[in-house]
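# Descriptive structure summary
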Amino acid sequence: MLNTKELKEEELCGKRFFIADNFLLEPDAVNEAVFTKLGKIHHIEKEEFHWNCLFFIDRRKQVHGTFAQQLHDFVKEVWGNVEPVNQHALTNETLLFDEPFNDPEKDWWRPHTDENLVNIVIYMNKDAESCGTNFYDPDVYWNYRYFYGKEHEQPWIPKNDLKRIKHVEGVYNRMIMFDGNIPHGMNLTKGKFINSYRNNISSFYRHGDTIY
């Protein structure tokens, strides 16, 4: 189910970074199986105040079975000494409403960290290279003091406030695996994903022997 022949290792912010194109042997079949039905609205019951479903829609669903297990086995083999946070993988399904609130020309979608976790992301949209994943300068990020709410409460951060150091294009069937301590977030461009969802598959892994 997985093609690892194109796996390449790089370095980002002094940490390991992996990338592979044509990662799934049958990406169209996976796309149909995973994304034919929409996921549930994400975190709407956990956040007292949010903009989800008002200016954008953020959905998730769990991906179980052989696919998730193969993903976990792959990450363990490549990264080493990790265990999945969940036995399932997850989708990210994002739709932007055509509203002035959403202005990706001047704002970044909420940069964040997944501390002490390894992240894997597989891009599942065709013709969406401009909307991959951004990585940000950690020093600037950790000195930024204007996060006052959760992602769905304060989703946009002015571009002038943070320094992007890398954008990995969201090429269909591309996989990236990286240290979640590096500040990151999805890249969005004007006019994209207002009539269809930005879809990817992700999973998270705890690792025990890396010291920060």
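This write-up is about the structure you can find in this document. Here the residue numbers are simple positions, counted from 1 along each chain's written sequence. Local features in a predicted model are, by the rule used here, given only for residues with pLDDT of at least 70; side-chain atom pairs are given and counted only at 80 or more, and totals for whole chains, interfaces and linings are based on all residues. Values shown for side chains rest on all heavy atoms present in the structure; no hydrogens or waters enter the calculation.

### Quick notes on the pattern of salt bridges
Salt bridge, as applied in this entry: a Lys or Arg side-chain nitrogen positioned within 4 Å of an Asp or Glu carboxyl oxygen. Tallied over the entire structure, the rule returns eight salt bridges. Here Asp21 makes a salt bridge to Arg174, at a shortest N to O gap of 2.6 Å. Of this pair, Asp21 sits in the loop between β2 (15-20) and α1 (27-35) while Arg174 is found in the loop between β12 (164-168) and β13 (175-179), placing the two residues 153 residues apart along the sequence. The salt bridge involving Asp28 is made with Lys126; its shortest N-O contact spans 3.4 Å. Linking Asp28 in helix α1 with Lys126 in the loop between β9 (117-123) and β10 (133-136), this pair joins segments that are 98 residues apart in sequence. The exposed category is assigned to Lys126, whose relative accessible area is 54%. Secondary structure elements follow DSSP: runs of H or I no shorter than four residues count as helices, runs of E no shorter than two count as strands, and numbering proceeds from the N terminus. The classification of residues rests on relative accessible area computed with a 1.4 Å probe and restricted to protein chains. Under 20% of the type maximum is buried, over 50% is exposed, and intermediate values are partly exposed.

### A closer look at the side chain of Asn200
The topology assignment puts Asn200 in strand β15 (residues 198-207). A polar side-chain atom of Asn200 sits 2.7 Å from a polar atom in the side chain of Asn92. What makes two residues a contact is simply this: any of their non-hydrogen atoms within 4.5 Å. Setting aside anything within four residues of it in sequence, one finds Asn200 in contact with Phe35, Leu90, Thr91, Asn92, Val121, Ile122, Tyr123 and Met124. In the analysis that follows, any N or O atom pair within 3.5 Å is treated as a polar contact, provided that within protein one partner can donate a hydrogen and the other can accept it, and provided that, for residues neighboring in sequence, both atoms belong to side chains.

### Some points on empty space enclosed by the protein
Only protein atoms enter the 1 Å grid used here. Points where a 1.4 Å probe fits but cannot escape make up a cavity, open sets with protein on both sides within 12 Å along at least five of seven lines make up a pocket, and a residue lines them when an atom lies within 4 Å of a point. Grid points are joined across faces, edges and corners, and a volume is the space filled by probe spheres set on the points. Under the criterion given, the structure shown has one cavity of 30 Å³ or more. Around the largest cavity, the lining residues are Tyr123, Asn125, Ala128, Cys131, Gly170, Phe193, Arg198 and Asn199. Classifying every residue of the lining of the largest cavity by side-chain character gives four nonpolar, three polar and one charged. Polarity classes work like this: nonpolar for Ala, Val, Leu, Ile, Met, Phe, Trp, Tyr, Cys and Pro, charged for Asp, Glu, Lys and Arg, and polar for all others, with Gly in that last group.

### Observations regarding the packing of aromatic side chains
Each Phe, Tyr or Trp ring (for Trp, its six-membered ring) is paired with any other whose centre lies within 6.5 Å, and the angle between the two planes then decides the class: stacked below 30 degrees, edge-to-face above 60, tilted in between. Summed over the entire model, instances satisfying the criterion amount to 14 aromatic pairs. Centroid distance Trp51 to Phe55: 5.1 Å. Interplanar angle 50°. Geometry classified as tilted. Judged by relative accessible area, which is 23%, Trp51 ranks as partly exposed. Feature note: the residues Tyr141, Trp142, Tyr144, Tyr146 and Phe147 constitute an aromatic cluster, connected by ring pairs. The ring of Phe17 has Lys166 sitting right over it, with the charged end atom 5.8 Å from the ring centre. Whether a charge sits over a ring comes down to the Lys NZ or Arg CZ being within 6 Å of the ring centre and within 35 degrees of the ring normal.

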